Structure formats: structure tokens, C-alpha cells
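What the coordinates show
Okay, here's what each chain looks like letter by letter:
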Amino acid sequence: MARVRLTNLTKHFGDVVAVDDVTLDIADREFLTLLGPSGCGKTTLLNMIAGLESPTSGEVWFDDRNVTAVPPERRDIAMVFQTYALYPHMSVFDNVAFGLKMRGVPAEERKRLVLAAAKTMEIGHLLDRKPRALSGGQRQRVALARAIVRDPGVFLLDEPLSNLDAQLRVVMRTELKRLHGDLEMTFVYVTHDQAESLILSDRIVVMKDGKIQQIGTPESIYDSPANTFVAGFVGSPPINLLKGVLEQSGSSGWRVVGEGFACEVATSMVERMEQPEGREVSLGVRAEDIGIDEAPSSAGPATETGGRTGNKDQSVGRAEVVVREPMGSDLYLTVDVGGTNVKVRTRPDNPADRGDVLDLFFDPGKIHLFDGQTGESLIPDL
């Protein structure tokens, strides 16, 4: 087992700053995910932990050992790659046993360890096959078994599920979650898939342009995003962002007013701001936190169809349905709010269709406010 500490880690490729002054503490036995779009620096950061890349500056520590200059084979790590990296001419058994053989582990002990790893990954019946005779999911299980058999202190995984089809990715996510619980190892996982990060992680590190944008549990990242980038990147569909201006509403209230909407906000959201009156903001609201009532002109009576009961006195505005997307257990509607597309999640039996005009209701406890210029959250502590 191992705690991993990164201090002021930076990596330059010529004039390109791939990782920019990253400091991060990964707890022993934690499942930590590095999440971000392509080119954000997450794989480079993983490679520096593995020793496959040398940092331009900064240090990598495993427990109380500075491993910054230690080669990969002496770091007590195991790595699983996106492409599996299996030897095509070797059997599954020999692929799993290869690292042990290179370390001089006796044949009988190798056999015992390989059979134990194969049992864990449920590939015991495949040990005599060559990789070409395996499915993608089976190859990934072999790659995981090859990593497990080394009993590493740190388990590094670089987008290991990205080559699998959608259904198999769901199955393998469950397997990885189970595996982490069984092995009790430190897992560092790289992905651009925010669903994977939310499902698998104890904590998520969201990266952009080589910098950490936010670190937190899946719940805190989703419920309290630090900025508009995190808010838009984590969650499916992405959070709805509407540009507006803060203005006073009545004697003590506040609201955000924008093109096609006006939304009341809690005083606690703005009371710590300097000169909030007239401040440009982005209002964020997720699809599941929007309620809709059908307008009298649409097909059918008004009903409770969203995340809360509609109340026309609290409607933030009216919007026309432009796209209807049935998703089995849910229905997603894209509605036009003052020229901005807004996603709404509702019940699958909702009759609303393209061209209908609906009243919208935002859950006041679930809205987010971001600075209109910097994109930083204006309510980080709420």
C-alpha cells in the first residue's frame, strides 16, 4: 500500500506546459480519478507518477520515499493501458506471468500467483489462449490480472475502458469498483469519461490546460462545481448556463434577469458579494432541477412534470420545445430560453412535443451562480 504525494509538479514539452505546478496528496488505498478533456495533462501527470516521464520541476513521493529520479521498475507500481499491451505470441498464462518471470520468481510460485489473479479476474478458463482469440473485455481482464499479480503498492490505469463498447464498459466499471474494494490498493485512474469518474472514484481531480480546477468527492464536484468549466464538464447532459444580471427584487430579495427569464435567488447567495447590483453572472441549473408545466396552449392540462411542482407565480419564464429525446426511463426536452438551448429532464410519459410552449420552474436550492467574467463560483461555501 502507498500514499502518493506530488509537490509543485511541472512538465514542459518545449514551449508547451503540459502540467503546471500540480500539488496533490493521494491517500493510501484511495481510488482517485484524474478527469479532463484530451490535452489537459492528466496522462502526462500519470506518467510522471509511473516514472515514464521525468518532471521539469517538482517531486513525486511514495509514502516517505522521494521517487522522482527512481526508474519505473523500482517504484512498486503496476500500470494498465488503454491498448492492453499484451504480447500476441504468448498465452494468457505467460502474459500474466511475464513480469514475475522477469523478477526471478520461481516457477511454482509464479503458477500459484497467476492462478490466484486469474480467479480474481474470472479468466481461469482462458489461460491457454492467445490474445487474438479473446474479446476486448477478456483482453482487459488479462491486462488487469497481469497488474494484480505483481501486488503493487500503486495501481495506475490510463483510460483502460475506452476501447470497449458501451455495454461492456458498464460491466467493467462494476468489476473495477469490486476489484478496488477487494485488493485495498491505491488506484490512480485517468479518464475523460465523467460518468466513469463519478461511479468509480473516492475523489476526482478535474484538470484543464495542465492545471487542477477542482478536487473533491463525486458528490461535491457535481453539487458544488468550482467554476463553469467543472460545471459543464461533469454531468450528463451538461449543466445549463444562462447569462444574466443580478438585480434587487423587492425590499430585500435578489434575482437574476436575462434574455427570456427572471429567477429569484436566495439572499445568502449574494450577501457576501461586493457591489452585487448589476453584476454580470452565469446562472447554472441542471436538467433534473427544472420543473415544467404545460401552458394552456399546449396539448393537455398543467401537470407536475419536472424536479418540483409547478407554480405559475414562481415561473422563471416560458420556453418553446425544440427537441424531444426519449431515453427510456427519462425524457429530455430541449427548450429555447431567449435564444439559449436549455435541457430539461422529465418523466417519459410527458406529452410535451416540438412547438409546445412551457412554463419553467428552477429549484431555488439547486441553482448555481458564477461570475460572468471569470466563470468562478460565487457561492463556493454554500
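Up top is the structure.
Here goes a summary of the coordinates provided. Within every chain, residues take consecutive numbers counted from 1 along the sequence as written. Given that this is a predicted model, residues contribute local features only at a pLDDT of at least 70 and side-chain atom pairs are listed and counted only at 80 or more, while totals for whole chains, interfaces and linings are drawn from all residues. As a convention, hydrogens and water are excluded, and side-chain values are obtained from all of the structure's heavy atoms.

Here's the deal with the packing of helix 4 (residues 136-148) against helix 5 (residues 166-183)
To keep things clear, this is the line we draw: Helix axes use the C-alpha atoms of the stretch in contact, all axes being lines fitted to C-alpha atoms, and the angles between their N-to-C directions lie in the range 0 to 180 degrees. Secondary structure elements are taken from DSSP: a helix is a run of H or I of four residues or more, a strand is a run of E of two residues or more, and numbering for both begins at the N terminus. When describing relative orientation, an angle under 35 degrees is termed roughly parallel and one over 145 degrees roughly antiparallel, while 65 to 115 degrees is termed roughly perpendicular and anything else oblique. Handedness of each helix crossing follows the sense of rotation of the near helix against the far helix: counterclockwise by less than a right angle gives left-handed, clockwise gives right-handed. Contacts between residues were defined by any pair of non-hydrogen atoms, one from each residue, lying within 4.5 Å. The residue classification treats Ala, Val, Leu, Ile, Met, Phe, Trp, Tyr, Cys and Pro as nonpolar and Asp, Glu, Lys and Arg as charged. All others, Gly included, are polar.
At a closest axis distance of 11 Å, the pairing of helix 4 and helix 5 adopts a crossing angle of 15°. With respect to helix 5, the axis of helix 4 lies roughly parallel. Here helix 4 runs over helix 5; the crossing is right-handed. Here Gly 136, Gly 137, Gln 140, Arg 141, Leu 144 and Ile 148 of helix 4 come into contact with helix 5, specifically with Leu 168, Val 171, Met 172, Glu 175, Leu 176, Leu 179 and Leu 183. In terms of residue class, the contact of helix 4 with helix 5 is built from eight nonpolar, three polar and two charged.

A word on the pattern of salt bridges
Think of it this way: side chains of opposite charge can pair up when their charged atoms draw near. The criterion, for reference: Within this document, salt bridges are pairs made up of a side-chain nitrogen of Lys or Arg and a carboxyl oxygen of Asp or Glu, the two lying within 4 Å of each other.
Within the structure shown, the criterion is met by 17 salt bridges. A salt bridge links Arg 29 to Glu 184; its shortest N-O distance comes to 3.5 Å. Here Arg 29, found in the loop between strand 2 (16-26) and strand 3 (31-35), pairs with Glu 184, found in the loop between helix 5 and strand 8 (186-191); they are 155 residues apart in sequence, far enough to count as distant. Notably, a salt bridge pairs Asp 359 with Arg 318, separated by 3.6 Å at the nearest N-O pair. Of the two residues, Asp 359 sits in strand 19 (residues 357-362) while Arg 318 sits in strand 16 (residues 317-326), which places them 41 residues apart along the sequence. Residues participating in the shared-partner salt-bridge network are Arg 141, Glu 175, Arg 178 and Asp 182.

So, the pairing of strand 14 (residues 280-285)
In plain terms, the rule: Whether a residue is buried, partly exposed or exposed follows from its accessible area with a 1.4 Å probe, protein chains only, as a fraction of its type maximum: under 20%, in between, or over 50%, in that order. At least two bridges found by DSSP between two strands is the condition for calling them paired.
Most of strand 14 is tucked away, with five of its six residues classed as buried. Of the strand pairs in this sheet, strand 11 (residues 240-249) and strand 14 are connected by six bridges, and their pairing is antiparallel. What sits directly across from Lys 243, in strand 14, is Ser 282. The sheet contact formed by strand 14 and strand 20 (residues 368-371) spans four bridges and is antiparallel. Its bridge partner lying in strand 20, Gly 284 is registered against His 368.

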